[in-house]
Amino acid sequence: MNIVLFGPPGVGKGTQGLKLAHEFNIIHLAMGDLLRAAVAEKTELGLKAKAFMDAGKLVTDELVIGMIEARIVAADAVHGFLLDGFPRNVAQAAALDEMLHEHGLKIEHIVLMDASKEALLQRLAGRLTCSACGFGFHRHYSPPKIEGQCDKCGGSLYQRADDTEEVILQRLEVYAEQTAPLLEFYGQNEAFCKVNAEAGLDEVYTSLLAAVKG
Ligand code: AMP
């Protein structure tokens, strides 16, 4: 099964995407994680991407499109993939359609996760991420059992460099301007559905499962 999960920053795509991908035995391709890994490894691509990411802007389409295509056709994607954070604008969505067509693949579910700006700001400001497995926590809503340590793997937790108030606001603006138009692009597609992501983690997961099974 192939799934596209999209929605504003802080809506829970990473946390829920990991769980869904695990449930269906498909690979979780989080564009932000792939880019952060490239930045940490100081690859040529990572060096090019860093300034955009630090500023809360989108990395150029040619960089991200090439990265996604390589992962989609990789051997570990045989059972399918869940795209989290890609596509993030209409040009990327069109490029995705084209590459899927070329490889004889299709998307079974396109899911928009949505929440109010207030909820997103609260979530982003307290967000903590595991540096080893990428699992997400929140200082107040879902704190780790031991401060600074991941419940799942024991890795150390960090606050993302782009989770500062100024960059968060910029990312929400970029979402409204460049990613929200995907609603029009995908709105008429029979694979499209929308899930309210303002409830608690378990409730949102149940809605997502219903959306992709139904
Ligand atoms: P995320 O972890 O999904 O919040 O992404 C973090 C940052 O990575 C974004 O603010 C962008 O700078 C960059 N990024 C992630 N996905 C994309 C994409 N599809 N296109 C361009 N830039 C992206």
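Just above, that's the structure.
Below is a short write-up of the structure. As the structure is a prediction and not an experimental result, all values here were calculated from the model.

The rules we used
- Residues numbered from 1 in each chain as written.
- Predicted model: local features only at pLDDT ≥ 70, side-chain atom pairs only at ≥ 80, totals over all residues.
- Heavy atoms only, no water.
- Buried < 20%, exposed > 50% of the residue type's maximum accessible area, 1.4 Å probe, protein only.
- Helix = DSSP H or I, 4+ residues; strand = E, 2+ residues; numbered from the N terminus.
- Pairing = 2+ DSSP bridges.
- Axes fitted to C-alpha atoms, helices over the stretch in contact; angles between N-to-C directions.
- Phe/Tyr/Trp six-rings, centres within 6.5 Å; stacked < 30°, edge-to-face > 60°.
- Lys NZ or Arg CZ within 6 Å of the ring centre and 35° of its normal.

**Regarding the pairing of strand S4 (residues 109-114)**
And then number 1: Burial of S4 is extensive: five of the six residues sit out of reach of the surface.
And then number 2: Pairing geometry for strand S1 (residues 3-6) and S4, over four bridges, is parallel. If you follow Leu-5 over to S4, its bridge partner there is Val-111.

**Considerations on the sheet that holds S1**
And then number 1: The sheet built from five strands is open, its strands ordered S2-S3-S1-S4-S8 with parallel pairing. Each having just a single partner strand, strand S2 (27-30) and strand S8 (192-196) make up the two edges of the open sheet. Neighbour-to-neighbour, the strand axes of this sheet turn through a mean angle of 20°, independent of strand direction.
And then number 2: Pairing of S1 with strand S3 (residues 81-84), which is carried by three bridges, proceeds in the parallel orientation. Paired with Val-4 across the two strands is Leu-83, which belongs to S3.

**Side note on the sheet that holds strand S5 (residues 127-130)**
And then number 1: On the basis of which strands lie adjacent, the open sheet formed by three strands has the order S6-S5-S7 and antiparallel pairing. A strand with exactly one partner marks an edge of an open sheet, and here the two such strands are strand S6 (136-138) and strand S7 (157-158).
And then number 2: Sheet analysis places S5 next to S6, joined by three bridges and oriented antiparallel. What sits directly across from Thr-129, in S6, is Gly-136.

**Regarding the pairing of S5**
And then number 1: Along S5, one buried face is formed by Arg-127 and Thr-129 and the opposite face, lined by Leu-128 and Cys-130, is buried too.
And then number 2: Between S5 and S6, which follow one another and run antiparallel, lie five residues, and Gly-134 among them has a positive phi close to 85°.
And then number 3: Inspection of the sheet shows S5 paired to S7 by two bridges, in the antiparallel sense. When the bridges of S7 are listed, Thr-129 appears paired with Tyr-158.

**Side note on the packing of aromatic side chains**
And then number 1: As enumerated under the stated definition, the model contains four aromatic pairs in all.
And then number 2: On the numbers, 6.0 Å between centres and 50° between planes, the contact of Phe-6 with Tyr-186 is tilted. Taken together, the residues span a long stretch of sequence, with Phe-6 in strand S1 and Tyr-186 in helix H8 (residues 182-187) at a distance of 180 residues.
And then number 3: Tyr-186 gets classed as buried once you look at its relative accessible area, which sits at 3%.
And then number 4: Where Phe-6 meets Phe-192, the ring centres are 6.5 Å apart and the plane angle is 40°; that geometry is what we call tilted. Note that Phe-6 is positioned in strand S1 and Phe-192 in strand S8, a separation of 186 residues in sequence. The same class applies to Phe-6 as to Phe-192, namely buried.
And then number 5: One residue, Lys-19, lies across the ring of Tyr-205, its end atom 4.4 Å from the ring centre.
And then number 6: The ring of Phe-135 is capped by Lys-152, whose NZ or CZ atom sits 4.7 Å from the centre of that ring.

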